[in-house]
Amino acid sequence: MKNKKRTKTLSLYSSPQKTASIAFSLLILMVLLFFWKPSCEAENQENFLQIAALVERGKMDEAEIRILQSLGESELFCIDHALYLWLSALPDTSFLQKAPLWLSLAEKLFPDSPLLFSIYHQSAERYLKNGYSQQALTYTIKALQHAFLAEQRQQSLALMVETLAQKGKYNEAGLLLKTVFKQYSTQKYVPTKELFSQIFPELKLESLSVSSLLDLASFALSLNLFEETKSMLQEVEKRSLNLLQKENLLNLQIRYLLTVNDLSQLQKLLEKYGRETYFQETLLFYQGVLSQRSANYSKAINHYQKLLQTYPHSSYLFSVYLNLLACYQSLGDDTNYSLVLHKALELFPQKDTFYLVWFQKALREGNSEQIQAALEGLQKFPQHKNRALFWSYKLGKNSEPELLWEILADENIDYYFVRSWQELIQKGYNPQEHFHIENRPLPVIENYPQNLSTQLEKAGEHWKSYLFLKEKGFYQNAEIELLFLYHKNPSAKLLHLEFVRLYISMGEYRKAILHTLYLQQNFSQANQNLLLLSNLYPLFFKQEVEKATRLFPEVDPYLVFSVIRAESLFEVTSQSRAGALGLAQLMPQTAQWMLETGKAKLKLETIDEETLLQPEINIHIGVAYLDYLLKQFEGKLIPTICSYNAGPGRVKQWLQNYSEDPDFFFENIPFPETKGYLEKVLVNYFYYSLIWKGSFAIEKLF
């Protein structure tokens, strides 16, 4: 860890400083008495703008005086925001000197301000950056006390991890980071992995308890930090363990060895525990897994069958039946495959997994009777209703479209809905006549914001502050007020519309789409409303997309929007676990290859991550790659989309087995991620085309 010895302590907590703080507070009271005067709203707004202008021009001393004078107003309108702007703009030296006294005063003057979290959190970050870890920790705790959102608590705890590390409390930092990552979805994978990688070399493993070591080893494994995982498991092996700890260690060791695919070490591990009867159920299961991974399917079957005989109610039961089916399929043993499948359907009638396995097997074999039987089982699961109806139509003796119309009537937009739409067009029907997007205001939005005002029972001055700050372009400050309003008024669902408008103004497009989804979920009549759908499927970065598609005219701009929405939800800085970057989620090596081969029409020889994140460049290379894939697959949309996710090499292999029919191909895509990605992009493309072009039809699907 950098700066691990840098733990400065300011004298501001010494007695002289406390005395100065008291003197400063008395001075403020005198100022309040001297300057106090009644004020009107317009004057207060103008005062805030003048302070903000001084801060922007770097006149920090004048701004501070104006803030002091403002404390004498009868209404402290937005003065907490002015203080936040001023503190944020102070150079580090001035900030470190002035912040403690002003923060103390802010909490007394603005005890209910939503800015307190941001003020304390920012202060903690700046003290930490300058090496004052004790002060950083103090203000992090203060920020945590004033956090009113889960994301704010996550930010405070994540900062506390860094602070503890700087103080040399590495064990505590590692354990806290594990907890934050587990409990808060907003704690992102990549920075978490980087931070733990920095903390790990400083951990004192010998001083950690067995349970802490196992927790941290599991955490490291989830981050794909394999050497770190191995080191902690080796440390646990040195300890004296009780039975439960031995079991947890064994399971974690097995997970680790399977993840790194070290089958020889897995064999030795299972042999090591072989004589301990307490672990026989686990050992039998993983002996089967080991044999299956080694392609010794007969041996694997023997282990699984022995497990079923010895432990008929095993916790591994579901996985055993899935693995047995895979083994029998690999051996081509249809008789035993059918017997195991029948038994699995009896044991797990409430799960869709084995009905899907049954359906896909029958589909591969072309057994119409078995397909229909499997579809009947699938139809009882709502998420598979469209699949069952579509395949019933596709394999039916007549080609009447009633089942297709039934799929469209349900308005559950998925792969089968899109395919039903295409089938109806090919039969000469116009499905658009029966699928209406309402191009009129929603009743609940028609009188907006009057309807919203009635919902804001606890708004106080916050709604007024929000509107003023937004109008004047102080978007980050406005966002804090709006988040606080929603925190205080969770039943005011129309606030989601205000979030959408604010985040579009801020360029926070991912957040705008998410709040549109929340709005749609809260108003049933909004499902097919044009206003909301155009915000759910927006044309953000339209200029960049149109510029790129003019250079690559074979690529439909609405396909590009569909891919970007699926890949990053229009988040410019998006980064995947695999390292894909930006709006179009490009791997750096793919982008470099596109430049080197001249497929991307950019005057660049090399590209770094910062450049690749630039929207215009990222979109250009993404469109160029789509153009390349479309040419590879002769303009066929389904293999092109799949290749964008899984790579053209893999898709060409899949096409060798299922090249004639798009639906057989879709059902047999071996990667669940790619299958889900294809469906997501097709649904996006359906909506983008319908909303912005007025119609949807694909010329060359497969």
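Everything here concerns the structure above.
Bear in mind that the values here come from a model prediction, so they are computed numbers and not experimental data. (Residues numbered from 1 in each chain as written. Predicted model: local features only at pLDDT ≥ 70, side-chain atom pairs only at ≥ 80, totals over all residues. Heavy atoms only, no water.)

Caption draft 1: Inspection of the overall build of the protein at higher detail. When its secondary structure is counted, the protein shows 39 helices and 0 strands. In the protein, buried positions account for 52% of the 702 residues. Across the protein, every contact between residues at least 6 apart in sequence was considered, and the portion connecting residues at least 24 apart equals 61%. Total accessible area on the protein is roughly 33600 Å²; 49% of this is exposed by carbon and sulfur atoms. (Helix = DSSP H or I, 4+ residues; strand = E, 2+ residues; numbered from the N terminus. Buried < 20%, exposed > 50% of the residue type's maximum accessible area, 1.4 Å probe, protein only. Contact = heavy atoms within 4.5 Å. Areas by Shrake-Rupley, 256 points an atom, 1.4 Å probe, with all protein chains shown as cover.)

Caption draft 2: Structural context of helix 37 (residues 648-657). Restricting attention to buried positions, one finds in helix 37 the residues Pro648, Val651, Trp654 and Leu655. Looking straight down helix 37, one finds its buried side chains confined to an arc of 120°; they lie on one side. Counted as exposed and oriented over 90 degrees from the buried face of helix 37: Gln656 and Asn657. Packing partners of the buried residues in helix 37 comprise helix 35 (615-632), helix 36 (637-646), helix 38 (662-667) and helix 39 (672-693). (Arc of directions from axis to C-beta.)

Caption draft 3: Spotlight on the pattern of salt bridges. Taken as a whole and assessed by the stated rule, the structure comprises 25 salt bridges. Across the pair Asp627 and Lys631 runs a salt bridge whose closest N-O atoms are separated by 2.7 Å. One end of the pair is Asp627 and the other is Lys631, both in helix 35 and 4 residues apart, which spans about a single turn. By relative accessible area, which is 9% here, Asp627 ends up buried. For Lys631, a relative accessible area of 56% translates into the label exposed. Residues participating in the shared-partner salt-bridge network are Lys394, Arg419, Glu423, Asp661 and Asp663. (Salt bridge = Lys/Arg side-chain N within 4 Å of Asp/Glu carboxyl O.)

Caption draft 4: Broad picture of empty space enclosed by the protein. Tallied over the entire structure, the rule returns 1 cavity of 30 Å³ or more. Of the volumes computed, that of the largest cavity is approximately 50 Å³. It is helix 35 that contributes the most residues to the lining of the largest cavity, 4 residues altogether. Looking at the lining of the largest cavity residue by residue, the class counts come to 8 nonpolar, 1 polar and no charged. (1 Å grid on protein atoms, 1.4 Å probe; cavity = no way out; pocket = protein on both sides within 12 Å on 5 of 7 lines; lining within 4 Å. Points joined across faces, edges and corners; volume = space filled by probe spheres on them. Nonpolar A, V, L, I, M, F, W, Y, C, P; charged D, E, K, R; others polar.)

Caption draft 5: Representation of the environment of Ile254 in the model. Structurally, the position occupied by Ile254 is in helix 13 (residues 243-259). Not counting residues within four places of it along the chain, the set of residues in contact with Ile254 comprises Leu266, Leu269, Leu270, Thr282 and Tyr286.

Caption draft 6: Quick peek at the nonpolar core. By size, the foremost hydrophobic cluster in this structure holds 171 residues, and its most contacted members are Phe196, Ile199, Met232, Phe570, Ile621, Tyr644 and Phe686. Tallying contributions element by element places helix 39 first for this core, with 11 residues. Excluding anything up to four places from it in sequence, Phe196 contacts Gly174, Leu177, Leu203, Leu216, Phe219, Ala220, Leu223, Leu225 and Met232. Counting residues in each nonpolar core, the second largest holds 61 residues, with Tyr84, Trp102, Phe474 and Phe499 among its members. (Core = buried A, V, L, I, M, F, W, Y, C linked by side-chain atoms within 4.5 Å.)

Caption draft 7: Summary view of the side chain of Lys361. By secondary structure assignment, the location of Lys361 is in helix 19 (residues 353-365). What Lys361 contacts, discounting residues up to four positions off in sequence, is Asp334, Tyr337 and Ser338.

Caption draft 8: Expanded view of helix 22 (residues 402-410). Where helix 22 is concerned, the buried positions are Leu404, Ile407 and Leu408. When helix 22 is viewed along its axis, its buried side chains cluster within an angular range of 95° and face the same direction. Exposed side chains of helix 22 directed beyond 90 degrees from the buried face belong to Glu402 and Ala409. Looking one or two places after helix 22, you find Glu411, whose phi comes out positive at around 55°.

Caption draft 9: Up close: the packing of helix 6 (residues 115-129) against helix 8 (residues 150-166). The contact between helix 6 and helix 8 brings their axes to 11 Å, and the two run at 20°. Looking at the two axes, helix 6 sits roughly parallel to helix 8. The way helix 6 lies across helix 8 gives a crossing that is left-handed. Residues Phe117, His121, Ala124, Glu125 and Leu128 of helix 6 touch helix 8, and the partners they reach there are Gln152, Gln155, Ser156, Leu159, Glu162, Thr163 and Gln166. When grouped by side-chain class, the residues that make up the contact of helix 6 with helix 8 number 4 nonpolar, 6 polar and 2 charged. (Axes fitted to C-alpha atoms, helices over the stretch in contact; angles between N-to-C directions. Parallel < 35°, antiparallel > 145°, perpendicular 65-115°, else oblique. Left-handed = near helix turned anticlockwise from the far one by under 90°.)

Caption draft 10: How the structure looks around the layout of surface pockets. As a volume, the second largest pocket reaches approximately 550 Å³. The wall of the second largest pocket is formed by 24 residues, among which Gln329, Leu356, Val357, Gln360 and Arg364 lie closest to the centre. Elements with a minimum of two residues in the lining of the second largest pocket: helix 17 (317-331), helix 19, helix 38 and helix 39. The element contributing the most residues to the lining of the second largest pocket is helix 17, with 5 residues. For the lining of the second largest pocket, the residue count by class is 12 nonpolar, 7 polar and 5 charged.

Caption draft 11: Main features of the packing of aromatic side chains. All told, the structure shown has 56 aromatic pairs when counted by the stated rule. Aromatic pair Phe390 and Trp391: ring centres 6.4 Å apart, planes at 85°, arrangement edge-to-face. This pair shows no difference in class: Phe390 is buried, exactly as Trp391 is. Here Phe390 falls in the buried class, since its relative accessible area comes to 0%. One aromatic cluster is present, built from ring pairs that chain together Phe417, Trp421, Phe435, Tyr537, Tyr558, Phe561, Tyr685, Phe686, Tyr687, Tyr688 and Phe696. Here the basic side chain of Lys394 rests over the ring of Trp391, its NZ or CZ set 5.7 Å away from the ring centre. (Phe/Tyr/Trp six-rings, centres within 6.5 Å; stacked < 30°, edge-to-face > 60°. Lys NZ or Arg CZ within 6 Å of the ring centre and 35° of its normal.)

Caption draft 12: Spatial organisation of the environment of Ser695. Along the chain, Ser695 falls in the segment after helix 39. With sequence-adjacent residues up to four places away left out, Ser695 is seen in contact with Gln432, Ser689 and Leu690.

Caption draft 13: Summary view of unusual backbone geometry. A positive phi is found at Cys78, a non-glycine position, where the angle reads about 60°. One non-glycine residue, Phe570, lies in the positive phi region at around 65°. Of note, Phe570 is situated in the loop between helix 32 (557-568) and helix 33 (588-596).

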